[in-house]
Amino acid sequence: MATVMPRHARRCSRDEITKSPFSSYEALNEYKKNYANRFIRQLITGTVTAPTAVTKTTCICVPPGSCPNQSNDGSGQLDIRIVTNPSDINTPVPNTCSYALARCCLNSPYQCGVRYPPPPGSAPSGPGQAAFGAYPWQAAILTLGEIYLGSGALVSSKYVLTVAHKVNNVPIASIKVRLGEWNASGITEPIPAQDFQITRLYIHPEFNSNNLYNDVALIRLASEVQLGPVPTIASICLSPNSFSGQKCYVAGWGKDDFNGLYQAIQKEVDVTVISTDTCQEKLRKTRLGPNFVLNGTTFVCAGGENGKDACTGDGGSPLVCSSNGRWYAVGLVAWGIGCAVKDVPGVYVNLSTYIPWIESIIAQS
């Protein structure tokens, strides 16, 4: 017979605390707080490791044939026809997959920054367009009237990261977040996008709307994003490391040039991350003038090739870089001088600076 546990938390006696490694309730609570903060940091930086004593199985739905380390004997994909005690097994979730996707079970926690090939039935992408599902962390920020405001990046199941200048002083009841979008002009995608209401906006307390210092904000969603059932919605990792000199990518629905048109289908462009000194030198040759000082703590630069850049409307789109098979958001589209002009790099929020602030906000919930 199963043992029924009471639904209230059991408090330790003073004797038990004396026998424990903690000298007081306060010490125990401080340990719990530090542990939670450490776990949040591991979660958003993609460094969570599976427990050594207990193997955690995570099941997700992916395009057929794209499950990492998948065997050819059906391991992890079979619905075994036995009756067993549910308390004795680790029940995978989801148990089945929709949209002609295949269930993929891995002996590890959910991993941020992983993307997969386009799912079955996806339309081919044209020149300069992203493939459907190539940026599963990309969020579109819309008015309730479906007007596109900007982009962001999903960093956890309840938080979207974006730039402060897009959402500062905007009533939360007037906007929403859409995940899994690709073709903004239709509903032809084989896996539909999902809309989420917003419960709170967190603007960085030192945001400066004049020079865009600390141009970062977090959007808290009203409901939790289910990570795993579809490969077109996933969270991105963050990293404290430098990606200077590396080719990275930015996607969005912004204009194709400074005086151009907004895009219906998500576009992508590759840009190379450059050093602060190089970026400052190039920007001083623009209308900013020879005395311009680039704040390398709050900004990071990429691009400067003719015809390759983010542009108007792409604000908040993540600049993502790959490392060891995982994707990391290095920056958020912030500002520039024109768009896609040779030797004029784009300027992004330097996300490595703001990881502690992001962690502190997420830890509140």
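Coordinates for the structure precede this section.
This write-up is about the structure you can find in this document. Here, residues in each chain are numbered from 1, in the same order as that chain's written sequence. Whole-chain, interface and lining totals are the exception, using all residues; otherwise, since this is a predicted model, local features are given only for residues with pLDDT of at least 70 and side-chain atom pairs are given and counted only at 80 or more. Side-chain measures here rest on the full set of heavy atoms in the structure, leaving out hydrogens and waters.

Looking at the overall build of the protein
Here is step 1 of the chain: A tally of helices and strands in the protein yields five helices and 16 strands.
Here is step 2 of the chain: Accessibility here uses a 1.4 Å probe with only protein chains present; expressed as a share of the type maximum, an area under 20% marks a residue as buried, one over 50% as exposed, and anything in between as partly exposed. For the protein, the proportion of its 365 residues judged to be buried stands at 45%.
Here is step 3 of the chain: By the convention used here, residues are in contact when the closest approach between their heavy atoms is within 4.5 Å. A separation of at least 24 residues holds for 72% of the contacts in the protein among residues at least 6 apart in sequence.
Here is step 4 of the chain: Surface accessibility follows the Shrake-Rupley procedure with a 1.4 Å probe radius. Residue values consider only the protein chains on display as shielding. On the protein, roughly 19,000 Å² of surface is accessible, and the fraction owed to carbon and sulfur atoms is 52%. The secondary structure listing takes helices from DSSP runs of H or I that are at least 4 residues long and strands from runs of E that are at least 2 residues long, numbered from the N terminus.

Digging into helix α4 (residues 276–283)
Here is step 1 of the chain: Residues C279, Q280 and L283 constitute the buried set of α4. Down the axis of α4, the smallest arc covering the buried residues is 100°, so these residues share one side.
Here is step 2 of the chain: In this structure, the buried side of α4 is in contact with β12 (267–274), β13 (299–302), β15 (326–335) and β16 (346–350). Along the arc lie the directions from the helix axis toward the C-beta atoms.

Structural notes on the sheet that holds strand β6 (residues 175–179)
Here is step 1 of the chain: Two strands make a pair as long as DSSP finds a minimum of two bridges between them. The antiparallel open sheet is built from seven strands, whose spatial order is β7-β6-β3-β4-β5-β9-β8. Strands with a single pairing partner mark the edges of an open sheet, and in this sheet they are β7 (194–196) and β8 (198–203). This sheet shows a mean twist of 35° between the axes of neighbouring strands, independent of strand direction.
Here is step 2 of the chain: Across five bridges, strand β3 (residues 138–143) lies against β6 in antiparallel orientation. Across the sheet, the residue bridging to A139 is L179, located in β6.
Here is step 3 of the chain: Axis definition: a line fit to C-alpha positions, over the contact stretch in the case of helices; interaxial angles, taken between N-to-C directions, run 0 to 180 degrees. The sheet contacts of helix α5 (residues 355–363) involve β5 (159–162), β8 and β9 (217–221), and relative to β9 the element is tilted by about 25°.

Observations regarding unusual backbone geometry
Here is step 1 of the chain: Even without a glycine there, the phi angle at A100 is positive, about 60°.
Here is step 2 of the chain: Residue placement: A100 occurs in the loop between β1 (58–62) and β2 (102–106).
Here is step 3 of the chain: According to the relative accessible area criterion, A100 is exposed, its value standing at 54%.
Here is step 4 of the chain: Look at L212: it is not a glycine, yet its phi comes out positive at around 60°.
Here is step 5 of the chain: When you line up the elements, L212 lands in the loop between β8 and β9.
Here is step 6 of the chain: Taking relative accessible area as the criterion, L212 reaches 14% and is therefore assigned buried.

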